[in-house]
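These are the residues of each chain, in order.
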Amino acid sequence: MTKNDERIDIVIAGGGFAGLSLAIALRQGLGPSTAIMVADPALGKNHDGDERASAIVAAARRLFETLGVWESVAGEAQPILDMVVTDSRVEDAVRPVFLTFAGDVEPGEPFAHMIENRFLLDALEKKAREVGIALRAAAVSNFTHAPESGRPDARPWGGGQLSEQGPQSIRVSLADGSSVSARLLVAADGARSSIRDQAGIAVHGWEYGQSAIVTTVTHERDHEGRAVEHFLPSGPFAILPLKGRRSSIVWTETAKEAERIVALPDDAFHVELEQRFKLHLGDISAVGPRRAHPLGFFVARSFIAERIALVGDAAHLIHPIAGQGLNMGLRDVAALAEVIVDAARLGLDVGGAEVLERYQRWRRFDTMTMGVMTDGLNRLFSNRSAVLRLVRDIGLGMVDRVPNLKQLFIREAAGLVGDVPKLLRGKSL
Ligand SMILES: Cc1cc2nc3c(=O)[nH]c(=O)nc-3n(C[C@H](O)[C@H](O)[C@H](O)COP(=O)(O)OP(=O)(O)OC[C@H]3O[C@@H](n4cnc5c(N)ncnc54)[C@H](O)[C@@H]3O)c2cc1C
């Protein structure tokens, strides 16, 4: 540590969903004597430019409720009351339904809610401010490990065990010229994480050559809380219910076609949209911005390095086909917060090897499973093969007819299966 370094216990790079949720969870579990900082150049800016909405599954909603964030956004959240899956071509007049889901995970608790990202991000930032997290509107530009370890520089780490006599702290430099010394640096800086790169952690994955067009649509008739996923040959076209007579569209096309469609004049865009949406909710019109998000898949080779933990999209990126990316990130958040709080209560070092390895054991396998599943789903559905169409339709039809299997799918999709961290079960740390 140099003379000018501020001492912070935990620095979180990235004030998106993952970074802010983690900061609030740690503050709740560790109390005000632990100094926590979130650094992100986007802090303090409004999120109105984000046209996306997210499906927040039951487990993630429980986490937000436990953090005291859900109550301020509940009025904007639309419960998903049922879900319909079809498999057809754009030009098909009738879209046979192969799978339906309905019902709550617990009485009165829907398996998911749809909410616009801007509401949730605003509420998280407000809560973080209220509970006394230091919010710094600057990027993390680099880090070095403290000289006590005898290693002046960051050491790339590509696997194996972290050393028990590793560096005692990590020095984090911010783009505003300041620096802080911390026990732990959390990389919550998204899919293009520069911290992950600087730590020498590679990723396994690929680009899909697909993009998701996202826009919001208003319609004449009420959606009655129904989410619809049409599996079209170019990829899934999802109609996800928002509050009021509005739905969020997540529409997968090849990257080139998505670029073309997004750039169309409004009336031509409307024609393309209506061909896929159809008229089951009456007349529709697209409102607000539309944007194409390139899609890819990766899992980081390691979720940890010396005094560094990766969470959220910095650790993994998946196709939005099952609406699970953020929900997976919140599982990282809940697991990391739990291992850190447990360690602090035992008087252990919160950035030490033992804590980080427990986090990695908890999350990496689970992430691989979900990643492989969403990748497989996308490959199975985004194609024109008649054989694969038959295979998937038989599969969907079978799931639809076996109630116990369907209930298991719903609980799995709601994030309530497996070794679920406390916050996702609605329990405080
Ligand atoms: C079309 C689409 C639809 C989706 N729908 C769903 C859904 O329905 N349900 C779901 O669960 N998930 C969904 N996802 C996935 C979800 O949006 C992401 O998983 C989630 O936003 C990731 O959150 P994050 O906090 O990890 O990263 P991000 O949201 O990317 O936040 C990263 C933050 O880090 C900041 N940052 C970057 N570099 C630095 C730095 N050097 N220093 C400091 N800060 C930095 C950025 O400014 C940003 O604020 C969808 C994704 C897409 C593309």
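Residues numbered from 1 in each chain as written. Predicted model: local features only at pLDDT ≥ 70, side-chain atom pairs only at ≥ 80, totals over all residues. Heavy atoms only, no water.

A. The arrangement of the packing of aromatic side chains in detail. Under the defined criterion, the tally for this structure stands at four aromatic pairs. Considering the side-chain rings of tryptophan 206 and phenylalanine 297, the 5.0 Å spacing of their centres and the 40° angle between planes classify their relative orientation as tilted. Taken together, the positions of tryptophan 206 in strand β16 (residues 203-219) and phenylalanine 297 in strand β20 (residues 284-300) put the pair 91 residues apart, joining distant regions of the chain. On the basis of relative accessible area, tryptophan 206 is assigned to the partly exposed category, the value being 37%. Judged by centre distance (6.5 Å) and plane angle (40°), the ring pair of phenylalanine 303 and tyrosine 359 falls under tilted. Taken together, the residues span a long stretch of sequence, with phenylalanine 303 in the loop between β20 and β21 (304-305) and tyrosine 359 in helix α9 (residues 353-381) at a distance of 56 residues. Take phenylalanine 303: its relative accessible area is 0%, and that puts it in the buried class. For tyrosine 359, a relative accessible area of 0% corresponds to the buried category. An aromatic cluster of at least three residues, connected via ring pairs, comprises Phe237, Trp251 and Phe269. Positioned over the ring face of phenylalanine 119 is arginine 118, at 4.5 Å from the centre of the ring. The ring of phenylalanine 269 is capped by arginine 290, whose NZ or CZ atom sits 4.0 Å from the centre of that ring. (Phe/Tyr/Trp six-rings, centres within 6.5 Å; stacked < 30°, edge-to-face > 60°. Helix = DSSP H or I, 4+ residues; strand = E, 2+ residues; numbered from the N terminus. Buried < 20%, exposed > 50% of the residue type's maximum accessible area, 1.4 Å probe, protein only. Lys NZ or Arg CZ within 6 Å of the ring centre and 35° of its normal.)

B. Focus on the site of the ligand. Residues in contact with the ligand amount to 28 residues; listed here are only the nearest, Asp40, Ala55, Val140, Asp313 and Leu326. In this structure, an oxygen atom belonging to the ligand sits 2.8 Å away from a side-chain N or O atom of aspartate 313. Between the ligand and asparagine 327, the relevant distance is 2.9 Å, taken from an oxygen atom to a main-chain nitrogen or oxygen of the residue. Starting from 1,000 Å² of accessible surface for the ligand in isolation, the protein chains cover 82%. Elements with a minimum of two residues in the shell around the ligand: α1 (17-30), β4 (53-57), β16 and α8 (325-345). It is α8 that contributes the most residues to the shell around the ligand, three residues altogether. For the shell around the ligand, the residue count by class is 13 nonpolar, eleven polar and four charged. (Near = heavy atom within 4 Å. Polar contact = N/O pair within 3.5 Å; in protein donor to acceptor, adjacent residues only side chain to side chain. Areas by Shrake-Rupley, 256 points an atom, 1.4 Å probe, with all protein chains shown as cover. Nonpolar A, V, L, I, M, F, W, Y, C, P; charged D, E, K, R; others polar.)

C. Molecular detail of the pairing of strand β17 (residues 226-232). In terms of burial, β17 is largely enclosed, as six of its seven residues are buried. As defined by bridge partners, strand β6 (residues 82-87) adjoins β17 across six bridges and the pair is classed as parallel. Its bridge partner lying in β17, methionine 83 is registered against alanine 227. Of the strand pairs in this sheet, β17 and strand β18 (residues 235-242) are connected by five bridges, and their pairing is antiparallel. Directly across from phenylalanine 231, in β18, lies its bridge partner proline 236. The antiparallel hairpin formed by β17 and β18 contains two residues in its connecting segment. (Pairing = 2+ DSSP bridges.)

D. A look at the pattern of salt bridges. Tallying each qualifying case throughout the model produces 25 salt bridges. Among the ionic pairs, aspartate 82 bridges to arginine 226, the shortest N-O distance being 2.9 Å. You can see aspartate 82 sitting in strand β6 and its partner arginine 226 sitting in strand β17, a full 144 residues away along the chain. Across the pair glutamate 253 and arginine 276 runs a salt bridge, and its minimum N-O distance is 3.4 Å. Of the two residues, glutamate 253 sits in strand β19 (residues 246-254) while arginine 276 sits in helix α7 (residues 266-277), which places them 23 residues apart along the sequence. An identical accessibility class is assigned to glutamate 253 and arginine 276; each is buried. Members of the salt-bridge network, linked through shared partners, are Glu253, Glu257, Arg260, Glu272 and Arg276. (Salt bridge = Lys/Arg side-chain N within 4 Å of Asp/Glu carboxyl O.)

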